[in-house]
Amino acid sequence: RRQTDDLQHWLEQLELHIPGNITVGPVLGENLVISQLVCGKITMDHLSGTTDPSQATLAYALTGVGLTCDADYALVKASRGLQAEDDGDHVSLTIAHLDAGLTLAFQGAPGPPTSMSMPACQISAPKDSFSIKFTGGIAPAILNLFRPLIDAAVETLLSKDVCPLLEKEVAGVNFTA
């Protein structure tokens, strides 16, 4: 059994619920409002790690990470504010390749760990590493006007918002249960 099988299984089962709305725009007086964003089905090509027993930490480098995200979206007049209506419009984001570096720290020493935290996390993804598909009532041609802004929002989400969510998930791991 590979050393990374347990981590890979945990990642495949992990679902990250991104709270709140992500607003992109305005373009032509419209904002694209993305809500109910859930990411999961995380895979990875390679994992390397180092340990520091004196600090009870593991530092990991994950490469070739893939995941899928699904959300609802709405086009909202910029003058109306951020109130989005649920019209059944949906967006799927598939990320084929990103790289991540993270450090896990284990608490409970001396002795077996009782919990862990993530004191360091960094994620990067090239622009050509993800694809976005819109479904629903709004023509994709209109949404493509938002594409540069959407790509920038996805990059921001990956680089700034995912690590705090991972930190929260890691903090919830309890080794004594």
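Structure first, text after, so check above.
Small disclaimer: the values here were computed from a predicted structure and weren't measured.

## Notes on empty space enclosed by the protein
Piece 1. Counting across every chain of the model gives 1 cavity of 30 Å³ or more.
Piece 2. A volume near 170 Å³ is recorded for the largest cavity.
Piece 3. Ile34, Leu37, Leu93, Val154 and Leu157 are, among the 13 residues lining the largest cavity, the residues nearest its centre.
Piece 4. Those elements that place two or more of their residues in the lining of the largest cavity are strand S3 (30-43), strand S5 (57-77), strand S6 (90-107), strand S8 (130-135) and helix H3 (147-171).
Piece 5. The leading source of residues in the lining of the largest cavity is H3, at 4 residues.
Piece 6. Split by residue class, the lining of the largest cavity holds 13 nonpolar, no polar and no charged.

## Description of H3
Piece 1. Under the 1.5 Å per step criterion, the end-to-end length of H3 is 35 Å for 25 residues, consistent within 8% with the ideal 36 Å.
Piece 2. For H3, the principal kink sits at Asp161 and spans about 40°; a proline, Pro164, occurs within the next four residues.

## Let's talk about the layout of surface pockets
Piece 1. When its volume is computed, the largest pocket comes out at roughly 770 Å³.
Piece 2. Lining of the largest pocket is provided by 31 residues; of these, Leu7, Trp10, Leu11, Tyr60 and Leu104 occupy positions nearest its centre.
Piece 3. Breaking the lining of the largest pocket down by element, the ones donating at least two residues are helix H1 (5-13), strand S4 (46-52), S5, S6, strand S7 (115-124) and H3.
Piece 4. Among the residues forming the lining of the largest pocket, the class breakdown is 26 nonpolar, 4 polar and 1 charged.

## Focus on a nonpolar patch on the surface
Piece 1. Taken together, Leu28, Ile142 and Leu145 make up a surface patch of nonpolar side chains, about 320 Å² in accessible area.
Piece 2. Examined against the element boundaries, Ile142 turns out to sit in helix H2 (residues 140-143).

## Looking at the nonpolar core
Piece 1. Counting 43 residues, the largest nonpolar core has Leu32 and Leu98 as the members making the most contacts within it.
Piece 2. Breaking this core down by element, the ones donating at least two residues are strand S1 (16-18), S3, S5, S6, S7, S8 and H3.
Piece 3. Examining the composition of this core, we find that 9 residues originate from one element, H3, more than from any other.
Piece 4. Discounting residues that sit within four places of it in the chain, Leu98 has contacts with Leu62, Thr63, Gly64, Val65, Leu67, Ile123, Ser124, Ala125 and Leu158.

About the cut-offs
Residues numbered from 1 in each chain as written. Predicted model: local features only at pLDDT ≥ 70, side-chain atom pairs only at ≥ 80, totals over all residues. Heavy atoms only, no water. 1 Å grid on protein atoms, 1.4 Å probe; cavity = no way out; pocket = protein on both sides within 12 Å on 5 of 7 lines; lining within 4 Å. Points joined across faces, edges and corners; volume = space filled by probe spheres on them. Helix = DSSP H or I, 4+ residues; strand = E, 2+ residues; numbered from the N terminus. Nonpolar A, V, L, I, M, F, W, Y, C, P; charged D, E, K, R; others polar. Expected span 1.5 Å × (residues − 1). Bend = angle between axes of the 7 residues up to and from the residue. Patch = residues over 30% accessible without salt bridge, like charges linked within 9 Å, V, L, I, M, F, W, Y side chains within 5 Å. Areas by Shrake-Rupley, 256 points an atom, 1.4 Å probe, with all protein chains shown as cover. Salt bridge = Lys/Arg side-chain N within 4 Å of Asp/Glu carboxyl O. Core = buried A, V, L, I, M, F, W, Y, C linked by side-chain atoms within 4.5 Å. Buried < 20%, exposed > 50% of the residue type's maximum accessible area, 1.4 Å probe, protein only. Contact = heavy atoms within 4.5 Å.

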